[in-house]
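A look at the structure
Here's the letter readout for the chains.
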Amino acid sequence: MDISPAALRILRRLTAALGVGLLGFMMVPNSEGQVVTVPSTPVIGSSNPATAEPPVSRPSTQPCVVTLFSNEEFGDYSAHAMSYAPPAACPGPWAKVVLTMDFTVTAGRQFDRTASLYLGNANIYFGTTAEPRATLSPSWHIERDVTDLTPVFKTAESGQAVIYNIVDSTYTGIIYATAKLYFYPANFRNPPPVVPQVVVPVSGSNNTYTLNTGSDQVTATFTAPRNTIKAYLDVISQSQSSDEFWYQCVPNNVTGPLESCGNTAFRETEVTIDGKAAGVAPVYPWIYTGGIDPYLWEPITGVQTLNMKPYRVDLTPFAGVLSDGNPHTIGISVFNAHSYFSETANLLLYTDPFRAETSGALEENTLSPAPTPAITENLSKNSAGDTVGTVSVDSVRNFTLRGYVDSSFGRVETTVAEKVHFNNTQTFDVAAAGIPEVQNGVQTSTVSQKTTEQVGILRKQRDLNVSFPLTVDYSLLPDPDGTFSQIVSVDQGYIVQDATSLNGFPTGSSNTQEEVKSSDTSFINSSFTAITGHTGAQSSASYIFTDSTGGCYSRQLTSADNVLTSVVNGKGCPTHFW
């Protein structure tokens, strides 16, 4: 049977109706529209998915709560307007601002949907929703530290909740959500952190921006404060449509025989300032709850599936240029974007607290406008006419950004020295007729960044290492009765090592390691229109965070046959720390 690449991609997205994870107390509507309390931790024996990811730590002060919307129904393909006013009883300064969202999807059939929140055009949340099934109405809770967006919350703002959902006779799942902001007043025990003074949204109008090709770019033109001393860009590049499984794509010249998408398996976010290269961000290979095989993600969801973390690009070497009082334009694109990426970002600008104007310059920029990935194809035809062998794509970027600002602290020179390395190697065995098909891939994506701030004789250094490992093994095999078996295993990780020092003496460090492993065999009918069953579903998740102050968080989960089988908290920690 000849299976087209488009048909295979549709096959990998067949919906089987799944559920989601629990963290914290959740209030969700039941079938009568009433509100019920959901358990605060993952429940052994439940098919409601769970995550090992931690909740946000909270200050000890009593928060003021602002409800953005409550039990909002998302049953159509439209953005929902919302408004915000600062809490009068908690005028600030705030020790922390935390966003919480509680979701539920009614039982039935529904795709995973992208969900995002905007206030004053600034993105305050980005994630996806879970898929239900006929006997499961999934509910879940997310928490997000949004303290760095403090400038957005100081004034009344309008915004949008964007959860485009189609409800008809086929797709019946209706999404409900509640969103709240918790403002924790600062005091002696909970001092206010240093936050940016200005947030510049880089997106559409209270919405994401679509990038369909590598040349597409979302831009924002702004005039920074004259006393800007630091700049960071928090960016999310979310793959959709033909780019959803970009890590399984291949070079365009072999898309036919390999039955896969094009533009290779390499994507990278490019950042420009005034048209010149200013930074890069790796694209995280998020997998949604309908991804590849929906039974892979019940009950344990993929890494950050429901609550995606932005990647922070350090643009501080450009702070002296940005503070000159002239308009500047920041641009974002995705290298090799095929169709398409949903893009959103916030530019965070920090100012000098003691000087109204600063000055400075960019002294060095060795970042090239685009990467030059190396593609290696080692493919051949065997005696049966099958295409076998390997395809790999490798990209290495080494660059230095250096600039200075003359501030009230003296001349501050910031150097960002970075190595970005990406490699994706896939092994294929694809029959001439398209089935059987074997596609196994191993991907590594790492960033090693050394940031140095020099002020007189003081030298502060930060060593940041980020890694996004991914392994996907995929087989589609014919069965004797004319049906098909899809065998999939996924190993997905998120690793961050962060250390600081002053004049060579260590001042702090932290280590984050997250991993989700999942496998399943699903059965496809002879017409490729439905998953008729599955077997062997099992998964595990682990998350551990430690720092040099003794802080520790640890959670481990396991599941089998789509129910949670164990929850282990605190393993490896001297004491339980949540």
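Residue numbers restart at each chain and count upward from 1, following the sequence in its written direction. Note on the predicted model: pLDDT of at least 70 is required for a residue's local features to be given, and 80 or more for side-chain atom pairs to be given and counted; whole-chain, interface and lining totals, by contrast, use all residues. Think of the side-chain values as coming from all heavy atoms in the structure, minus any hydrogens and water.

What follows covers the sheet that holds strand 18 (residues 328–335). Within the open sheet, the four strands sit side by side as 13-18-15-16. Their pairing is antiparallel. The sheet is open, and its two edges are formed by strand 13 (218–222) and strand 16 (276–282), each paired on a single side. Pairwise comparison of adjacent strand axes, ignoring direction, gives a mean angle of 20 degrees for this sheet. Of the strand pairs in this sheet, strand 15 (residues 268–273) and strand 18 are connected by six bridges, and their pairing is antiparallel. Two strands make a pair as long as DSSP finds a minimum of two bridges between them. Under the DSSP-based scheme used, a helix requires at least four consecutive residues in state H or I and a strand at least two consecutive residues in state E, with every element numbered from the N terminus. In this description, a line fitted to the C-alpha atoms serves as the axis of each element, helices being fitted only across the stretch in contact, and the angle between N-to-C directions of two axes falls anywhere from 0 to 180 degrees.

Next up on the list: the nonpolar core. Side-chain atoms within 4.5 Å are what join buried Ala, Val, Leu, Ile, Met, Phe, Trp, Tyr and Cys residues into a set we call a nonpolar core. For each residue, the accessible area found with a 1.4 Å probe, counting protein chains only, is set against the maximum for its type, and the residue is called buried under 20%, exposed over 50%, and partly exposed in between. Formed by 81 residues in total, the largest nonpolar core has its most connected members in Leu233, Ile292, Leu315, Ile330 and Val490. Among the elements that take part in this core, strand 27 (residues 484–502) stands out by supplying five residues, more than any other. By the convention used here, residues are in contact when the closest approach between their heavy atoms is within 4.5 Å. Once residues lying within four places of it in the same chain are set aside, the contact partners of valine 490 are Ile287, Ile292, Leu296, Trp297, Leu470, Thr471, Val472, Val516, Lys517 and Ser518. Residues Val66, Trp94, Ile175 and Tyr232 belong to the second largest nonpolar core, which totals 39 residues.

A separate point is empty space enclosed by the protein. A pocket, in this scheme, is an open set of points on a 1 Å grid over the protein atoms alone with protein on both sides within 12 Å along at least 5 of 7 lines, while a cavity is a set where a 1.4 Å probe fits but cannot get out; residues line either one if an atom lies within 4 Å of a point. Grid points are joined across faces, edges and corners, and a volume is the space filled by probe spheres set on the points. Throughout the structure, instances matching the rule amount to five cavities of 30 Å³ or more. Taken as a whole, the largest cavity spans an internal volume of roughly 70 Å³. Around the largest cavity, the lining residues are Trp246, Phe266, Arg267, Glu268, Pro282, Val283, Val420, His421, Phe422 and Ser445.

This part is about the state of the cysteines. Criterion for a disulfide: a pair of cysteine sulfur atoms within 2.5 Å. Taken as a whole and judged by the stated rule, the model has three disulfides. Residue pairing for cysteine 249: its cysteine sulfur links by disulfide to cysteine 261, the two sulfurs lying 2.0 Å apart. Since a negative S-S torsion denotes a left-handed disulfide, the cysteine 249-cysteine 261 link at about -100 degrees is left-handed. Of this pair, cysteine 249 sits in the loop between strand 14 (228–239) and helix 3 (255–258) while cysteine 261 sits in the loop between helix 3 and strand 15, placing them 12 residues apart in sequence. Disulfide pairing is shown between cysteine 552 and cysteine 573; the S-S distance is 1.9 Å. Its torsion about the S-S bond being -75 degrees, the disulfide of cysteine 552 and cysteine 573 is classed as left-handed.

This part is about the environment of isoleucine 163. Secondary-structure assignment places isoleucine 163 in the loop between strand 9 (157–162) and strand 10 (175–185). The spacing of isoleucine 163 and aspartate 76 is 87 residues in sequence and 8.6 Å in space, taken between C-alpha atoms.

The next thing to look at is the pairing of strand 24 (residues 437–455). Where strand 23 (residues 410–430) lies against strand 24, 19 bridges are found, and the strand directions are antiparallel. In the strand pairing of strand 24, asparagine 424 is matched with glutamine 443. A loop of six residues connects strand 23 with strand 24, the two strands running antiparallel in sequence, and glycine 434 in this loop sits at a positive phi of about 100 degrees. Two strands pair when backbone bridges link them, and strand 24 and strand 26 (residues 470–478) are joined in this way by seven bridges, in the antiparallel orientation. Opposite glutamate 437, over in strand 26, you have leucine 476 as the bridge partner. The antiparallel pairing of strand 24 with strand 25 (residues 458–467) creates a hairpin that spans two residues between the two strands, and glycine 456 there sits at a positive phi of about 60 degrees.

What follows concerns the packing of aromatic side chains. Under the pairing criterion, centres of Phe, Tyr and Trp rings, with the six-membered ring standing for Trp, must be within 6.5 Å; the plane angle then separates stacked pairs below 30 degrees from edge-to-face pairs above 60, leaving the rest tilted. Under the counting rule described, the total for this entry stands at 22 aromatic pairs. Ring centres 4.9 Å apart and planes at 5 degrees place the aromatic pair phenylalanine 103 and tryptophan 140 in the stacked group. Linking phenylalanine 103 in strand 5 (residues 94–105) with tryptophan 140 in strand 8 (residues 139–145), this pair joins segments that are 37 residues apart in sequence. Owing to a relative accessible area of 1%, phenylalanine 103 belongs among the buried residues under this scheme. Exposure remark for tryptophan 140: the relative accessible area of 0% places this residue in the buried category.

Confidence per residue, as judged by the predictor, is encoded in pLDDT with a range of 0 to 100. When pLDDT is averaged along the chain, the result is 92, and 92% of the positions lie at 70 or above. Considering only residues more than four positions removed or in separate chains, one finds that residues 1–39, a stretch of pLDDT under 50, has 145 contacts.

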